[in-house]
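# Structural features, examined
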Amino acid sequence: MYSRYIPPKKEKPFVIRPQTTSAASDRPYANLGQTSAEPLQPLAQAQRIVFDDDTLPPIDHSKSSRKLDEEPTGTVEEKKPKKSKSKKSKDNTQDGAEGEEKESKSRKRKRDAADKAVVSKGEVSNEKDVTPESNSEAVGAGETEGEPTSVMEERKPKREKKKKRKQEDDVDMIDGDEDRIRRRHKSVFDKVQKALQTKDDVQDANEEEEAEPEVEHGLEPLPQPEPIIFDESKLTYETLPPWLASPVRVGPDKTRPFTELGISPESSKILESKGLKDAFAVQTAVLPLLLPSPDRQGDVVVAAPTGSGKTLSYVLPMVHDISKGRVTRLRALIVLPTRDLVQQVQLAFEACTAAFAISGGKRVKIGTAMGNRVFKEEQSVIMSQEQRYDPQGYEQYLQKQNRPVNLEDSEDEDGDEDDNLELERSQPLPSHVIAHESKVDILICTPGRLVEHITKTPGFSLDYVRWLIVDEADKLLAQDFQQWLDTVTEKLGIGKPGARDFPGSNKSGVRKVILSATMTRDLSLLNGLKLSRPKLIVVEGTKAGEQNLPSLLKEYAIKIREPSLKPLYLLDLLQSKHMTAVNRDISDEVAVASETSDSDSSASESESEAESVSSSSSDDDSDDSNDSDESDEPKPKTKQATPTPTPTKKPTLPTTVLIFTKSNEAALRLSRLLGLLSPDLAPLLGTLTSSTKTSRRARTLRAFAQGKLRILVASDLVSRGIDLLHLEHVINYDLPISETSYVHRVGRTARAGRKGCAWTLVEHAEARRFWRDFAGEGKGAVTSIGRGGAVERVRVGEDEFGEERVKAYEGALERLREEAAGGEGRR
Ligand SMILES: Nc1ncnc2c1ncn2[C@@H]1O[C@H](COP(=O)(O)OP(=O)(O)OP(=O)(O)O)[C@@H](O)[C@H]1O
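What counts and how
- Residues numbered from 1 in each chain as written.
- Predicted model: local features only at pLDDT ≥ 70, side-chain atom pairs only at ≥ 80, totals over all residues.
- Heavy atoms only, no water.
- Helix = DSSP H or I, 4+ residues; strand = E, 2+ residues; numbered from the N terminus.
- Buried < 20%, exposed > 50% of the residue type's maximum accessible area, 1.4 Å probe, protein only.
- Contact = heavy atoms within 4.5 Å.
- Areas by Shrake-Rupley, 256 points an atom, 1.4 Å probe, with all protein chains shown as cover.
- Axes fitted to C-alpha atoms, helices over the stretch in contact; angles between N-to-C directions.
- Parallel < 35°, antiparallel > 145°, perpendicular 65-115°, else oblique.
- Nonpolar A, V, L, I, M, F, W, Y, C, P; charged D, E, K, R; others polar.
- Near = heavy atom within 4 Å.
- Polar contact = N/O pair within 3.5 Å; in protein donor to acceptor, adjacent residues only side chain to side chain.
- 1 Å grid on protein atoms, 1.4 Å probe; cavity = no way out; pocket = protein on both sides within 12 Å on 5 of 7 lines; lining within 4 Å.
- Sits in = over half its atoms within 2 Å of the grid points.
- Salt bridge = Lys/Arg side-chain N within 4 Å of Asp/Glu carboxyl O.
- Core = buried A, V, L, I, M, F, W, Y, C linked by side-chain atoms within 4.5 Å.
- Pairing = 2+ DSSP bridges.
- Points joined across faces, edges and corners; volume = space filled by probe spheres on them.
- Phe/Tyr/Trp six-rings, centres within 6.5 Å; stacked < 30°, edge-to-face > 60°.
- Lys NZ or Arg CZ within 6 Å of the ring centre and 35° of its normal.

## Quick notes on the overall build of the protein
- Scanning the protein for helices and strands turns up 30 helices and 23 strands.
- Among the 827 residues that make up the protein, the fraction classed as buried is 49%.
- The contacts in the protein between residues at least 6 apart in sequence include a share of 81% that link residues at least 24 apart.
- Summing over all exposed atoms, the protein offers an accessible surface of approximately 41000 Å²; the carbon and sulfur share of this is 50%.

## Here we look at the packing of helix α15 (residues 375-382) against helix α18 (residues 447-456)
- Between α15 and α18, the shortest axis-to-axis distance is 12 Å and the interhelical angle comes to 75°. In terms of orientation, α15 and α18 fall into the roughly perpendicular class. Note on element contacts: α18 touches α15 through R449, E452, H453 and K456, opposite F375, E378, Q379 and I382.
- Across the contact of α15 with α18, the residue classes tally to two nonpolar, two polar and four charged.

## Considerations on the site of the ligand
- Near the ligand there are 22 residues, and of these D278, K310, T311, D723 and R751 occur at the shortest range.
- A distance of 2.7 Å is found between an oxygen atom of the ligand and a side-chain nitrogen or oxygen belonging to T311.
- Protein coverage of the free-state accessible area of the ligand, which is 640 Å², stands at 87%.
- If you map the ligand onto the pockets, it falls in the largest pocket.
- Considering every element that reaches the shell around the ligand, the biggest residue donor is helix α13 (residues 310-322), with three residues.

## Let's talk about helix α20 (residues 484-492)
- Among the residues making up α20, those that are buried are W484, L485, T487, V488, T489 and L492.
- Where α20 is buried, its residues contact β7 (332-335), α18, β12 (467-470) and α19 (473-478).

## Structural notes on the pattern of salt bridges
- Evaluation of the coordinates by the stated rule reveals 23 salt bridges.
- Between K554 and E792 there is a salt bridge, with the nearest N and O atoms lying 3.9 Å from each other. Here K554 is found in strand β16 (residues 553-560), whereas its partner E792 is found in strand β23 (residues 792-794), with 238 residues between them in sequence.
- Under the relative-accessibility criterion, E792 is labelled partly exposed at 40%.
- A single salt-bridge network, built from bridges that share partners, covers E378, R449, E452 and K456.

## What about the environment of L291?
- If you trace the backbone, L291 turns up in the loop between α12 (281-290) and β6 (300-303).
- Separated by 28 residues in sequence, L291 and I263 have C-alpha atoms that sit 8.6 Å apart.
- Dropping the residues within four chain positions of it, L291 is found in contact with L261, G262, I263, Q297, P317 and H320.

## With respect to the nonpolar core
- By size, the foremost hydrophobic cluster in this structure holds 60 residues, and its most contacted members are Y314, I334, F349 and I442.
- F349 has contacts with Y314, V315, M318, V319, I334, I366, I442 and I444, leaving out every residue within four places of it along the chain.
- The next biggest cluster of nonpolar side chains, apart from the first, holds 38 residues, and it includes V451, F460, L485 and I514.

## Quick notes on unusual backbone geometry
- Despite not being glycine, E472 shows a phi value in the positive range, around 55°.
- As for its placement among the helices and strands, E472 is situated in the loop between β12 and α19.

## Focus on the sheet that holds strand β19 (residues 711-714)
- A sheet is described by the order of its strands in space; here seven strands give the open sequence β18-β19-β17-β20-β21-β16-β23, paired in parallel fashion. Lying at the two open borders of the sheet, with one neighbouring strand each, are β18 (685-688) and β23. Adjacent strand axes in the sheet meet at a mean angle of 25°, parallel and antiparallel pairs treated alike.
- Strand direction decides the pairing type here: β18 and β19, joined by four bridges, are parallel.

## Comments concerning the layout of surface pockets
- For the largest pocket, the calculated volume is near 1300 Å³.
- Counting only elements with at least two residues in the lining of the largest pocket, the list comes to α13, α14 (339-356) and α27 (694-705).
- Residue contributions to the lining of the largest pocket peak at nine residues, all from α14.
- Here the lining of the largest pocket is built from residues that sort into 21 nonpolar, 14 polar and twelve charged.

## Thoughts on helix α28 (residues 739-746)
- Counting buried positions along α28 gives six out of eight residues, so the element sits mostly inside the fold.
- Of all the residues in α28, the buried ones are S741, Y742, V743, H744, R745 and V746.

## Focus: the packing of aromatic side chains
- Applying the stated criterion across every chain, the model contains eight aromatic pairs.
- Seen in terms of ring centroids, Y569 and F801 are 4.9 Å apart; in terms of plane orientation they differ by 80°. Their pairing is edge-to-face. Of this pair, Y569 sits in helix α22 (residues 566-574) while F801 sits in the loop between β23 and α30 (803-826), and the two are 232 residues apart along the sequence.
- Seen in terms of ring centroids, F770 and W771 are 5.0 Å apart; in terms of plane orientation they differ by 85°. Their pairing is edge-to-face.
- In this structure F770 comes out as buried when scored by relative accessible area, which is 0%.
- Classification of W771 as buried rests on a relative accessible area of 14%.
- Every member of this aromatic cluster is reached through a ring pair, and the members are Y742, F770, W771 and F774.
- A cation over an aromatic ring shows up here: R466 above the ring of F502, its NZ or CZ 5.3 Å from the ring centre.

## A closer look at the sheet that holds strand β14 (residues 535-539)
- In spatial order, the strands read β3-β14-β6-β13-β12-β7-β11-β8; together these eight strands make up an open sheet with parallel pairing. In the strand order of this sheet, the two ends are held by β3 (248-250) and β8 (366-369), each with one partner. Ignoring which end each strand starts from, the neighbouring axes of this sheet average 15° apart.
- The sheet contact formed by β3 and β14 spans three bridges and is parallel. Bridge pairing links V250 to V539 in β14.

## Notes on the pairing of β12
- Across the two faces of β12 the burial is the same, with W467 and I469 and L468 and V470 all buried.
- The pairing of β7 with β12 spans four bridges and is classified as parallel. Across the sheet, the residue bridging to V335 is V470, located in β12.
- The pairing of β12 with strand β13 (residues 511-516) spans four bridges and is classified as parallel. Bridging from a neighbouring strand, V470 pairs with I514 of β13.

Taken by themselves, the reported measurements are silent on function.
And the structure:
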């Protein structure tokens, strides 16, 4: 296609200047005829027509080129009426009889010009059919540039002749010598007839040209990019593989005693003593698949709502399996997106290990790797070294020492030797080698830190790993932290013979368990896991492809009429009758914990107001493997500037609340603002952000679980997985960024069969999005969130806030600004 639009050399361009003379404007396409002394083939001439057009403002080559491709002759014809129209309007400006006469002459001239244009076209099409005379007329007033001298000379007399005739024409017209004109017109019409006969031939020729343009012009086609084919077809359940399209569905109330699922009565008894009496629905479905059985067992993918007990569904079978072994080797990896989740799952494992360390079973050792300690320290916690007698190995060691230093051997992948294990530098005793062993059976880790150990920790090996758990899988798969999945699956693809055998069974290999409340059905993501004979377990009520909320969750929306006063709406909600205990036992639990906290007020004070509003605003709630706690101790900048307000009376909040904001900074500011606006609430307030030191976050969560803190203001860091069992109210102060985020946020409450409430503050500008995408109401509702009942509208802060309150609020804002400025200044 392109080849036809490359202009030929500039020696013989046509230049059309329609405005140059009146004659030219009357016959704008008159110069489309032959311009070369050499007779041109019709196809080549047709191309030249385009270059005539190209002399017009060359704005869009592709357009002009396309015109040629599509309608090589139509271009001329299409333009004719425009010119005629403009001329007509010009003529209409004349008045009286003279005007009429001139108009009739003018019409004749126009017809004349049009006829000549057609003639010209005929000439272009087939020169042989056109007489030299008509050809000279066709050239008309157009200028030619750069033609051979001989041609120019030849044309001079023609031009003069033409000029002369034009003058004669003008005179004729003025004199009314119409006979002469008529005679001339007749001759022109004759030529037109001849030209029209050849018109079809021209079109045929043009079509031929389109068929083989390269041959005609000797031009190589320009390289064209591969056409991009957009596959707009969407995956449907019909196109999904059977295991994804037809999941195993489980009723939400299907609980069973652990003993019926393959857990020994002794172990079940211990579990019961820890409050785990019967298995929840998801455990009822998953445990039989993961505990030893004679059936062919494949990998398991679990989609079950928040708080439904997914963690125990893999913890119990893993501990059951690993406790059967004797030697400590790294047998299992549990990958989670945040440090807080690593710590939480560690507690769940520790609660269960005792249950299986009976009847001669091994007490399973749990380790964590999440970047909350310096790397070397973490290495020494999960790996050990010992001097082992091995003369042959020692010889090899010595040979290696004597080899010229190979930088590639001595450095780790990043070329950073400093990070290498200190143990590595230890010298082996004579005839000994240093052997590295895993100190843990199960490693719970964040993906980044796992990769670091794989690449940098001597002796860290996945050879014996037979369990891989990916919790909060949709998040971990969507954000491939340091290509962790490729690194891990590659290592799991190889191993020593027999190393992955399951004890007491003929099974061998790696069992994979993939879980989320918002499980992806994106095959391109799931494929990375290299699943073997997978089964999808969906807890009933969770329609495939949907994200269901806990059945005991109630949702409310509060309209924010004045966004600039949003914190006051929040305060009104916190102090309203809505913030009551929704579970029977919560008041007692909170009251008891609160009493304890009275005697230990330091913990509460240290958590509330502990952070600066001007600290980092990073929202990254995912793992940063290099971010250890040693260096991120927050500086108590604002503490000096703004002493904690003294509570005027005993805190009275009878329930627990988690408030979500859009960022770390927003959480810190809001927490501080609430404390300033309501000193009564200040001792109950805690803040959770990803910029907070992990140990401090753990303390805050502990204080909250104990009832010492009752309001947590958080960023999305804690929206996933965090299990705050006694949490009753979740408030979306800022709208979540997605439906998935909404499901995880509000899923922090109504867990494990308890009731809970979710409140969302909705500004006018957000209303459409909230009701359509999250609540699934109104026109074009598209939500994928499955829920028991509709979102209820609740009015808060409807009465005027009052001048005094607004003034106090402005004062608090001002103070906040000063504190932030002070913090910045001290940085
Ligand atoms: N069988 C059981 N009996 C009593 N409590 C249970 C049982 N199983 C789990 N729980 C409790 O239920 C709560 C929620 O469990 P878990 O954290 O595993 O939920 P989850 O499904 O992983 O939620 P999320 O998707 O939010 O991470 C925990 O406090 C856990 O101790």
